[in-house]
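One-letter residues, chain by chain:
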Amino acid sequence: MPKRFYENRILRAIGGYSYCIYIVHLPMMYLTKNLLAQWDFYNPKQESWIVAATLITLNAALTVVIAFVSFHLYEKQFLKLKRFFPERSVNR
């Protein structure tokens, strides 16, 4: 693929949040299902496609919000430390 494709702003933004999305999406799915079932908004025995689509949308939105907040409040602080570790060229 051309280099321009990988320099796309949207892909770079998703890449910045992707690790947190990967870590958070599964626990978020279980948490929302259990909380919604506990609050009587969700019955796993009577699941329909509309309920499944709503859960997927809710989980995706919550996961992206958590990834965004995590990146800006937590991960970005560690990325600032890169200046103390200069890149070294590898001689082969």
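This text gives an overview of the structure that appears in the document. Note that the structure is a prediction, hence the values are computed from the model and not measured.

Right, let's get into the environment of Glu-7. Mapping Glu-7 onto the fold places it in the loop between helix H1 (3-6) and helix H2 (9-38). When the C-alpha atoms of Glu-7 and Phe-85 are compared, they prove to be 24 Å apart, with 78 residues separating the residues in sequence.

A separate point is the packing of H2 against helix H3 (residues 49-79). Here H2 crosses H3 at 135 degrees, and the two axes come no closer than 8 Å. By the criterion of interaxial angle, the relationship of H2 to H3 is oblique. In terms of crossing hand, the pair formed by H2 and H3 is right-handed. In terms of residue class, the contact of H2 with H3 is made up of 15 nonpolar, seven polar and two charged.

Now for the nonpolar core. With six residues, the main nonpolar core is built from Tyr-17, Cys-20, Val-24, Met-28, Ala-67 and Phe-71. Of all elements in the fold, only H2 and H3 reach the threshold of two or more residues within this core. In contact with Ala-67, not counting residues within four places along its chain, are Tyr-17, Cys-20 and Ile-21.

Tallied over the entire structure, the rule returns four aromatic pairs. Seen in terms of ring centroids, Tyr-17 and Phe-68 are 5.7 Å apart; in terms of plane orientation they differ by 55 degrees. Their pairing is tilted. Residue Tyr-17 is found in helix H2, and its partner Phe-68 is found in helix H3; the two are separated by 51 residues along the sequence. When the ring of Tyr-74 is compared with that of Phe-78, the centres are 5.2 Å apart and the planes differ by 70 degrees; the resulting orientation is edge-to-face. Placement of the pair is Tyr-74 and Phe-78 together in helix H3, with a separation of four residues, close to one helical turn.

Rules used throughout
- Residues numbered from 1 in each chain as written.
- Predicted model: local features only at pLDDT ≥ 70, side-chain atom pairs only at ≥ 80, totals over all residues.
- Heavy atoms only, no water.
- Helix = DSSP H or I, 4+ residues; strand = E, 2+ residues; numbered from the N terminus.
- Axes fitted to C-alpha atoms, helices over the stretch in contact; angles between N-to-C directions.
- Parallel < 35°, antiparallel > 145°, perpendicular 65-115°, else oblique.
- Left-handed = near helix turned anticlockwise from the far one by under 90°.
- Nonpolar A, V, L, I, M, F, W, Y, C, P; charged D, E, K, R; others polar.
- Core = buried A, V, L, I, M, F, W, Y, C linked by side-chain atoms within 4.5 Å.
- Buried < 20%, exposed > 50% of the residue type's maximum accessible area, 1.4 Å probe, protein only.
- Contact = heavy atoms within 4.5 Å.
- Phe/Tyr/Trp six-rings, centres within 6.5 Å; stacked < 30°, edge-to-face > 60°.

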